[in-house]
Structures are given as C-alpha cells and as structure tokens.
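Each chain is listed here by its residues.
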Protein chains: 2
Amino acid sequence: MIQNRPPNPPEAFFSFESFMQTLNLSKQDIYQSSFDEKQQVRRIRKKKTIIKNLDRIFGSVLKISNKKGFKAMSMRDLSLESGLSMGALYNYFSGKDDLLEMLQHQQRSITGKLLEERIAAVSSPRDKLKAAIYTHLYLSEALQPWFYFSFMEAKNLTGAEKEKTVASERASEKLFFDILADGQAQDAFHPHDPRLGASLIKAMLQDWYLKRGKYATRSVSVDQYADYVYRFVETFYVKAEG
Amino acid sequence: MIQNRPPNPPEAFFSFESFMQTLNLSKQDIYQSSFDEKQQVRRIRKKKTIIKNLDRIFGSVLKISNKKGFKAMSMRDLSLESGLSMGALYNYFSGKDDLLEMLQHQQRSITGKLLEERIAAVSSPRDKLKAAIYTHLYLSEALQPWFYFSFMEAKNLTGAEKEKTVASERASEKLFFDILADGQAQDAFHPHDPRLGASLIKAMLQDWYLKRGKYATRSVSVDQYADYVYRFVETFYVKAEG
DNA sequence: ATTCAATTAGAACGTTCGTTTTATTTTTGT
DNA sequence: ACAAAAATAAAACGAACGTTCTAATTGAAT
C-alpha cells in the first residue's frame, strides 16, 4: 500500500470537462462586482437586469470586435447586435473607453484568481508545472473570446489600465518562472534558463487562444493540445524520476 | 581527413550579423516592384523618388500603427509623421485600404522568398530544422515592425487579400511540418505528431516579434533566443546521433 | 390598477475622418 | 537657366463617428 506519498492532483485538473463543472459559478459574481464599483452611473437598480444585459453587451462586443477590431466597432453596430437601444446601452457604461476597460478588467479578475488558486493546490514542481499549463489552457478555452480580445486590443488602453495589463502579464509569466526556478533549486528540473523557459511556455499557451479557429478546423481538443505541450516542456525541463 | 560528409551550413546561417550582410540588397527591389504593379496611379516617374518616399511612408505607417493600430491612424497623422503633404501622399497609393495591402504584400514577398531559399540550401532534416528556425527568427528580427503589423492588422483585410494572408500563414507552417515529417520518415526524428509540432514551433517564433520589447528590455539577443528555441525543439524531436 | 424601472426610436450635436482639389512654390536633371 | 517633376498649404466635401437628449412606451412588482 502506498501511503506516505503526497496526494495526486485531483481529477479535475487534467480534464477540461470536469474543469468546467467546477467553474460555472463565479462568472455572474464578477459581472456584478465590476458594475458595483462604478456607482457613479448606476441608473439600473435590479441585479438581475444588470447581469442579463451586461452579458448581452459583453457578448456582442466580443463578437464584433474579435471580427473587425474594437476601434472599427461602432456603437450603432453594438446596438444592433445586442438588441439594445443606444439609450439603454449608455446605462451600463459611461463610454466606449469604459467598455474596453470593463472587458479587460473582467478577464484579469477571473484569470488571476483561478490560476493562483489551482496552482497552490499542488506541491511538487512537476505537478505545479502541469497544473499551471493545464489550468491556463482550460481557462483560455473557456474564455477564449476574452483572452483574444485582451491581447488584440491591449494597445488601445491608456495610462493606468495599460499598466495593469502589463503587470498582469508579468505576473502570469513570473508564475511559470517561479515553478521552473523552484524545480531547479530542488534538483528536479534541468538547469535551463527559467526566464526564457517561462516565455516560451507562455508563447505556446498563447497560441491556443490566438489561433483557436485553426485548431478547431483540425479537430484538436484542448486536452490533446495540453498533453502535447506538457510532454514537450517535460522533455526539456523535468529530470527522469528515479 | 573528413571528406565524404555533406557540407555544413554556411556561417551566415547561424549568426544574425552575417545574415544581415547578405540581406540588405533586396529591399529596394521589392519596393519598386510593388509600385510598378500599380500603373493606374503612377503620377511619379523617377524611381529614386519612389523608393525614397515609399520608404518614408511605410516607416511612418508602421511607427504609428504599431503604437495605436492602423484603424486609429489618420491620414493627417501619417502626413505629419512622414513629412509629406496630403497631396503628395496620395500619389503613392490610392487610399488607406491600398496602403494596408501594400504593406502586407511587402512582408509576404520578402519573407516567402528568403525563407524558401535558405532552407533549400541545406540537406539533412536536422540542418533544415535549424536553418528554418534561425532564418525565421532573423527575418522577423530584421523586419520586426512588418511582422508585428502583419499579424495585428490582418483582421482589417478583406476578400482576396485576406485569403493570401491565410495561405501564406499555412505555407510557412507547412514548411515546418514537412521538415518534421521528413525527419521522421528518415528515422532521424522521434515520432511526435508533426502537425502540432509545427504549430508549437511557429508559436515560439511568433513570440519573438510580438513581444520584441520585452526581450529588448531583458537584453536577450536574437541569437540567444534562436539557440534556446532550437535546443528546446531539438531535445523533443531530434534523435541522438550515433 | 398603480407606480416605478427600464427601454424605445430617432433626431440632433459637434468632431473627426478619408479624400479631392486648388493655385503656388520648390526641387531636380540637364 | 530653363523646363519638367513633384511637393506644398489649406480649404472643402460628405460620411461616419461617439454621445446626448426627448417624449412615448413597455415591463414588472405591489
């Protein structure tokens, strides 16, 4: 009987289906919180109405912007796609710039929270590496339009919001850096430069949401992709057990 | 004396500096050819003037667009940055859409030509893989603003031009696919799926020009990056010699 | 049935945009 | 120095944009 081993990561870590079952809840919470923070506008009082319409608005913005760009999307486009009148739309944001910031903020909140939670749940460098890769891919699969939008429209941000995006990007790269560096410190990983390693891993994860259509055409599932990426990374970094 | 071995790749293949020395010539040729094709407009007769001003225009477009996006760049912005009046500008392209297409066409021509040339110059799968990785990185380093622009503004294209971009993207991925597949057929590479392999390699190469600023901040040279990527890929695919 | 919450269609505003045009001036090659 | 080539500054055009506003209408909860 195997007894004094650290517990294996739970099943949900390495299957997109079970990952999704543990996720669903938190989406609405964040919608609402992001709106509560802006009590300046707040012409809408019912929570249910807020969530329903924010969902319609965000969905429409992502659909239009990810086709032809946020700058090329007019408010008239958005009104048509969302089915809301111009007057109604401006009850939920103060302007086009505000809309952009809300979407970026949304994506940062959800991603940052979930990623750190799930990596903290495992202990060995190897498990952390695997959990980080899988979780990142699952997140970007579940929220692909958000991820794509955030990347492509980041250049339209200004000032404080731009800095937040850069900081968030750095933080998620540091997460991989720390895993690689810890693994080397524990003699579990080969001594390749962890700085460049973290960059390359992120580059491969990024491709999943930037080229989502390509992988869909080829019928590559997120689990297949995750498995391939992890084995690729493992071969280079993780020392053979024994 | 080693005699019956295939020749090693020339020095210029694996040093950015020597790569640049063999490159310089062809840039002006393509500028001019891209303008000759549009004999509809052709209010400018002197080749020297054409090349000089196209260079100014393209440089200015890339500078502005890569900061705030092509859609956000106004023709008045372009006039100011390039130092050319509105009237002068419209002697070199028929409109803003045309300008976008010229830049995309430019990048495709240079890249496609050079990449195929240099890979055909070596023979073994291992050498081809290395040559493809290095050449792609060197090209995207030399033409970073072009590469970045092409990727970020591809969604603004329509119809035939959009298809050309997709086709070019597919062709350059197939190039890596063929190298991996050939390597496996010759029993020189491990039997990992070459389709996904080609995608991941391209993802890592793409990061170099999409995040150019990050690597500059960290003082990572293109040669360091190329070396790291190649060793990463080599570990996973290339069988040990012997 | 009444009240408050929320949405509607559409006009209207000031701005900015891409593009064209003008008459004049500068640059270039010989 | 002369003639052709090219660039100039500035105005003007209609179209599209983000945003605001109005008066009338719908929806939902008590």
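This structure is a prediction, so every number in the text was calculated from the model and none was measured. (Residues numbered from 1 in each chain as written. Chains lettered and ligands numbered in written order. Predicted model: local features only at pLDDT ≥ 70, side-chain atom pairs only at ≥ 80, totals over all residues.)

**Points about the relation of the copies chain B and chain A**
For step 1, the next point in the chain: For the match of chain B to chain A, the screw axis carries a shift of 0.0 Å, the RMSD comes to 0.0 Å, and the turn is 180°. Expressed as a symmetry operation, the mapping of one chain copy onto the other fits a two-fold axis.
For step 2, the next point in the chain: The overlap is high: 100% of the interface residues of chain B also sit at the interface in chain A, so the same surface is used on both sides. (Least-squares fit on C-alpha atoms with pLDDT ≥ 70 in both. Contact = placed C-beta atoms within 7 Å.)

**Quick notes on the environment of Phe176 of chain B**
All names here are of chain B.
For step 1, the next point in the chain: Relative to the helices and strands, Phe176 resides in helix H9 (residues 159-185).
For step 2, the next point in the chain: Between the alpha carbons of Phe176 and Asn53 there is a distance of 36 Å; along the sequence they are 123 residues apart.
For step 3, the next point in the chain: Ignoring sequence-local partners within four residues, the contact set of Phe176 consists of Ala132, Ala198, Ile201 and Lys202. (Helix = DSSP H or I, 4+ residues; strand = E, 2+ residues; numbered from the N terminus.)

**Overview of the protein's contact with DNA strand D**
For step 1, the next point in the chain: As a structural note, the neighbourhood of DNA strand D is formed by 20 residues, with Ser74 and Gly95 of chain A together with Ser85, Gly87 and Ala88 of chain B the closest of them.
For step 2, the next point in the chain: Looking at the surface near DNA strand D, the element that brings in the most residues is helix H5 (residues 86-89) of chain B, giving 3 residues.
For step 3, the next point in the chain: Taken together, the residues that form the surface near DNA strand D break down as 7 nonpolar, 9 polar and 4 charged. (Near = placed C-beta within 6 Å. Nonpolar A, V, L, I, M, F, W, Y, C, P; charged D, E, K, R; others polar.)

**Details of the nonpolar core**
For step 1, the next point in the chain: Core analysis: the biggest nonpolar cluster contains 113 residues, and Ile133, Met204 and Val229 of chain A together with Ile133, Leu137, Met204 and Val229 of chain B have the highest contact counts within it.
For step 2, the next point in the chain: In this view, Leu137 of chain B contacts Leu205, Trp208, Val222, Tyr225 and Ala226 of chain B; residues no more than four positions away in its chain are not counted. (Core = buried A, V, L, I, M, F, W, Y, C linked by C-beta atoms within 7 Å. Buried ≥ 20, exposed ≤ 12 C-beta atoms within 10 Å, placed from the backbone.)

**Here's the deal with the interface of chain B and chain A**
For step 1, the next point in the chain: Chain B puts 22 residues into the contact, and the matching count from chain A is 22 residues.
For step 2, the next point in the chain: Sorting the residues of the side of chain B that touches chain A by element identifies helix H10 (194-210) and helix H12 (222-237) of chain B as the ones contributing at least two each.
For step 3, the next point in the chain: Counting residues per element, the side of chain B that touches chain A draws most heavily on H10 of chain B, at 8 residues.
For step 4, the next point in the chain: Grouping the amino acids of the side of chain B that touches chain A by side-chain chemistry returns 10 nonpolar, 5 polar and 7 charged.

**Focus: the protein's contact with DNA strand C**
For step 1, the next point in the chain: Near DNA strand C, the surroundings consist of 20 residues, among which Ser85, Gly87 and Ala88 of chain A together with Ser74 and Gly95 of chain B are the closest.
For step 2, the next point in the chain: Broken down by secondary-structure element, the contributors of at least two residues to the surface near DNA strand C are helix H3 (47-68) and helix H5 (86-89) of chain A together with helix H4 (75-82) and H5 of chain B.
For step 3, the next point in the chain: Class assignment for the residues of the surface near DNA strand C results in 7 nonpolar, 9 polar and 4 charged.

**Here's the deal with the domain arrangement of chain A**
Residues and elements named next belong to chain A.
For step 1, the next point in the chain: By domain assignment, chain A separates into domain 1 (26-94) and domain 2 (100-242).
For step 2, the next point in the chain: Look at where the C-alpha atoms of domain 1 and domain 2 centre, and you get two points 28 Å apart.
For step 3, the next point in the chain: Taken together, the 11 residues of domain 1 in the interface contact 13 residues of domain 2.
For step 4, the next point in the chain: Secondary-structure elements contributing two or more residues to the side of domain 1 that touches domain 2 are helix H2 (26-36) and H3.
For step 5, the next point in the chain: Considering each element in turn, the side of domain 1 that touches domain 2 owes the most residues, 5 residues, to H3.
For step 6, the next point in the chain: Tallied by class, the residues present in the side of domain 1 that touches domain 2 amount to 6 nonpolar, 4 polar and 1 charged. (Domains from an automatic or database assignment.)

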